[in-house]
Amino acid sequence: MSNKTKTTDTQFRQASAEYNFGFLDEYAKKEVRRSVLKAIAIPGYQVPYSSREMPMGRGFGTGGLQLTLSLIGKQDTLKVIDQGSDDSVNAVNLRSFIEMICPGIDTTTQVSEANLIQSRHRIPEEPLREDQVLILQVPYPDALVVVEPSEDKRKIMHGEADYSRLLVKLYEDIVKFNEITISHRYPTRINGHYVIDSSPIPRWDVPKMHQSKALILLGAGREKKIYAVPPYTLAEPLEFDDVPFRVENFNDEHGQRRLCHRCGCDHSFLDEFIDSKRAYKRYQCSDSDYCDEQLTFKTSASNQNLEG
Amino acid sequence: MGYVAIKGGGQAIAGAEKLLEFVRTRQGESAQPLDLDSIENQLYFLHSRIMSEGGLFHPKLASLAIKQSLGDTLEAAFALRAYRSTKPRLIESPVLDTSSMRLIRRISASFKDIPGGQMLGASTDYALRLMRTELLDESPEAFQAIAKKWLDENHHDDIPDTFPKVLDALRAEGLLPSVDEATAEKKPFDITREPLVFPVPRSAALSTMARAETGSILAIAYSNMRGYGDIHPTVAELRVGYLPIMLPHPVTGELIEAGEVLMTECEVVAMYEDDEEGGKPTFSLGYGACFGHNEVKAISMAILDRALQSGMQHGPTNPSEDPEFVLLHIDGIDSMGFCTHYKMPHYVTFQSDMDRLRTTQDKQNSAHQGVENV
């Protein structure tokens, strides 16, 4: 195989000659690309598309996968992330399928090397560049679904930028809990009009969408929608003047920022682990590539100190 | 340590695939692998169901899908559907007339005597659901003799291949609205090439239901039958048979028969409604059709077609009349996929959920303490 794969997977699947490069037929890819162009032209608008069945479950990233397969060519380098990690089973599964069905592409685990990044539930900690495209997998494309089950009615509400019921829901949260309870999929207003479901990224990642240098595409396969946050576009999480939007808090009971126990990082989104042997909690960077990089940086810095 | 659990995902997936393959073959030396013809014939109804839910008439691949999925209907239909999505649409057939179906069964619940007569065909309708213990240890010889004996004893050359449609008789009497030629001329909506944006045309609803998951469509239709709706249908005709597929010749454009597909078609007649424009009141119709021999599905679809038409006209008064509710919840590939996805890791979102809960709890605790201090 010509894949200059920079990941450590054992390639356990064989490509089948029966399938087209990128699995989808070329008409299907064209349709997806046309929908992408429309999504970029109308930031935050959910463009309906026919969404083909993929050979993996609806809900496993088939929307993101169709975007990736429609955009990828042999010159591209792909990174696939799930829960911040390149090693989680779903990321491995998606990457292995794409490698199998797109012979000649490169894959990597390093954000800086990739020009296409497909991710579920996280935006990388390292700021993205203009030459990169981030593809997010989306289970529920519509932020209004929490207040209105009918798609037909939601479409009218979006057209009129009528988000009053969503704001009332946030207000009711404050009345009931003294806190906005939306933890992830935080509703975010794009370019001053459409409010999007930001996909199940934590609130931590939402500010990264604002004026992002990279194009962000969001694909919902089961719900058959594509939408986009184009580069250098306003992305503002819903908030009130007196109740600002807040990201996850990683301070301990003394108000000290918790550190990643592996790399010592004090400014990344942390996963919480329970050490079953010693019955205490540990925290570690959710973004595995970022954690590795911080660790390398720390090690080389301390080596230099030793030499100096 | 957290990462240890998820490292080596590739090996884990490969191992799971191998283990599943072991499960498929664990019967060992005492067994023969299932051959595809046996699946198509001896698991006839399962095979029909998979072609219908997969939305692809491909008897051989449907058998393969059943074999490789170990008989899981959702998985088998899924594999067939995913195969279908790699194929471009090359040609379109004109609207086909089902009166040209080569029938193996046709019944009507509305009239005792229908033109051409009732033909019960192969059916479990009146079967006694007793355990047929004689099949526990069926010998190949006995098995092979049955079909031969049946063929030797039955020569029905006098039965015609095609039958007139019951609805035509009702139309001739003016009990049904005449065929809307303008609608028949319209190009049907292709759900494999266009997304459903509501409101959708009836053809989009029909094709979505034609590949619906059988249990899902039955459940919603049953809600209407029980009282969450009032269609009160009568089966005017249910027919099962082989429909010739006519395609335009690539050079001459002349219609030629490319083959035939096994399908089930059901037409239900429902009570008449006031015609607001003052026209003659007539019965109303519901239509169902799908690949393969799937009678429960075709009837359910016909009932829901009638219910949805009602909902589109007057606004839905119950779930089975709501196009969004029905059409977005009956696809087995969509619903099983999303159900299955909950097994995937959700560490990040759960971390985020915990952050919200802890913050809310902390606020409540400090509020309570504040009250106690006063």
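Just so you know, these numbers come straight off a predicted model, no measurement behind them.

## Some words on the overall build of chain B
- The helix and strand inventory of chain B stands at 15 helices and four strands.
- Computed over the C-alpha atoms, the radius of gyration of chain B is 26 Å, more than 25% above the 21 Å expected from 2.2 N^0.38 for a compact globule of 374 residues.
- Each of the three principal axes of chain B carries a C-alpha extent, and together these read 90 × 70 × 55 Å.
- By residue count, 33% of the 374 residues in chain B fall in the buried class.
- In chain B, once contacts between residues fewer than 6 apart in sequence are set aside, the share between residues at least 24 apart is 64%.

## Overview of the overall build of chain A
- The number of helices and strands found in chain A is six helices and twelve strands.
- A sequence separation of at least 24 residues applies to 64% of the contacts in chain A between residues at least 6 apart.

## Details of the domain arrangement of chain B
All names here are of chain B.
- Each domain of chain B was delimited in the assignment, giving domain 1 (11-84) and domain 2 (98-126 + 162-336).
- The straight-line distance from the C-alpha centre of domain 1 to that of domain 2 is 29 Å.
- Counting from both sides, the interface comprises 13 residues of domain 1 and, opposite them, 13 residues of domain 2.
- Secondary structure elements with two or more residues in the side of domain 1 that touches domain 2: helix H4 (44-54) and helix H6 (73-84).

## With respect to the domain arrangement of chain A
Residue and element names in this part refer to chain A.
- Partitioning chain A into domains gives domain 1 (26-144 + 181-237) and domain 2 (249-308).
- Each of domain 1 and domain 2 was reduced to a C-alpha centroid, and the two centroids are 27 Å apart.
- Domain 1 puts 14 residues into the contact, and the matching count from domain 2 is seven residues.
- The residue makeup of the side of domain 1 that touches domain 2, split by class, is four nonpolar, five polar and five charged.

## Some words on the interface of chain A and chain B
- Facing the 56 residues of chain A at the interface are 44 residues of chain B.
- Listing elements by their share of the side of chain A that touches chain B, those giving two or more residues are helix H3 (89-101), helix H4 (151-159) and strand E11 (270-275) of chain A.
- Among the elements that make up the side of chain A that touches chain B, the one with the highest residue count is H3 of chain A (five residues).
- A breakdown of the residues in the side of chain A that touches chain B according to their chemical character gives 16 nonpolar, 23 polar and 17 charged.

## Some points on the sheet that holds strand E10 (residues 235-237) of chain A
Residues and elements named next belong to chain A.
- The strand order across the open sheet built from three strands is E7-E6-E10, with neighbouring strands paired in antiparallel fashion. Every other strand in the sheet has two partners, leaving strand E7 (195-197) and E10 as the edge strands with one partner each. Sheet twist, expressed as the average angle between the axes of neighbouring strands with direction ignored, equals 40 degrees.
- In terms of strand pairing, strand E6 (residues 187-190) meets E7 through three bridges, oriented antiparallel. The partner of Pro187 across the bridge, within E7, is Asp197.

## Topic: the environment of Leu259 of chain A
- Inspection of the secondary structure assignment puts Leu259 of chain A in the loop between E10 and E11.
- Expressed as a C-alpha distance, the spacing of Leu259 of chain A and Leu67 of chain A, which sit 192 residues apart in the sequence, is 36 Å.

## Points about unusual backbone geometry
- A cis geometry characterises the amide bond from Phe198 of chain B onward to Pro199 of chain B, with omega recorded as 0 degrees.
- The residue Asn191 of chain A is not glycine, and still its phi comes out positive at about 55 degrees.
- Tracing the sequence through the fold places Asn191 of chain A in the loop between E6 and E7.
- Look at Tyr232 of chain A: it is not a glycine, yet its phi comes out positive at around 50 degrees.
- Within the element layout of this structure, Tyr232 of chain A appears in the loop between strand E9 (225-229) and E10.
- Look at Tyr232 of chain A and you get exposed, because 11 C-beta atoms sit within 10 Å.

## Digging into the environment of Ala214 of chain A
Residues and elements named next belong to chain A.
- Relative to the helices and strands, Ala214 resides in the loop between E7 and strand E8 (215-220).
- On the neighbour-count criterion, Ala214 (22 C-beta atoms within 10 Å) is buried.
- Sequence separation between Ala214 and Ile274 is 60 residues; the distance between their C-alpha atoms is 35 Å.
- Not counting the four nearest positions on each side in its chain, Ala214 is found in contact with Leu128, Arg129, Glu130, Gln132, Val133, Leu134 and Pro231.

## Quick look at the pairing of strand E2 (residues 77-82) of chain A
Residue and element names in this part refer to chain A.
- Along E2, five of the six residues are buried, which leaves the element largely enclosed by surrounding structure.
- Of the strand pairs in this sheet, E2 and strand E3 (residues 106-107) are connected by two bridges, and their pairing is parallel. Counterpart to Thr77 in the pairing with E3 is Asp106.
- Regarding topology, H3 serves as the crossover connection from E2 to the parallel E3, and that connection is right-handed.
- As paired strands, E2 and strand E4 (residues 116-120) are joined by five bridges and run parallel to one another. From the neighbouring strand, Leu78 faces E4, where its bridge partner is Leu116.

Criteria and thresholds
- Residues numbered from 1 in each chain as written.
- Chains lettered and ligands numbered in written order.
- Predicted model: local features only at pLDDT ≥ 70, side-chain atom pairs only at ≥ 80, totals over all residues.
- Helix = DSSP H or I, 4+ residues; strand = E, 2+ residues; numbered from the N terminus.
- Rg over C-alpha atoms; globule rule 2.2 N^0.38 Å.
- Buried ≥ 20, exposed ≤ 12 C-beta atoms within 10 Å, placed from the backbone.
- Contact = placed C-beta atoms within 7 Å.
- Domains from an automatic or database assignment.
- Nonpolar A, V, L, I, M, F, W, Y, C, P; charged D, E, K, R; others polar.
- Pairing = 2+ DSSP bridges.
- Axes fitted to C-alpha atoms, helices over the stretch in contact; angles between N-to-C directions.
- Right-handed = clockwise from strand over helix to strand, strands pointing away.

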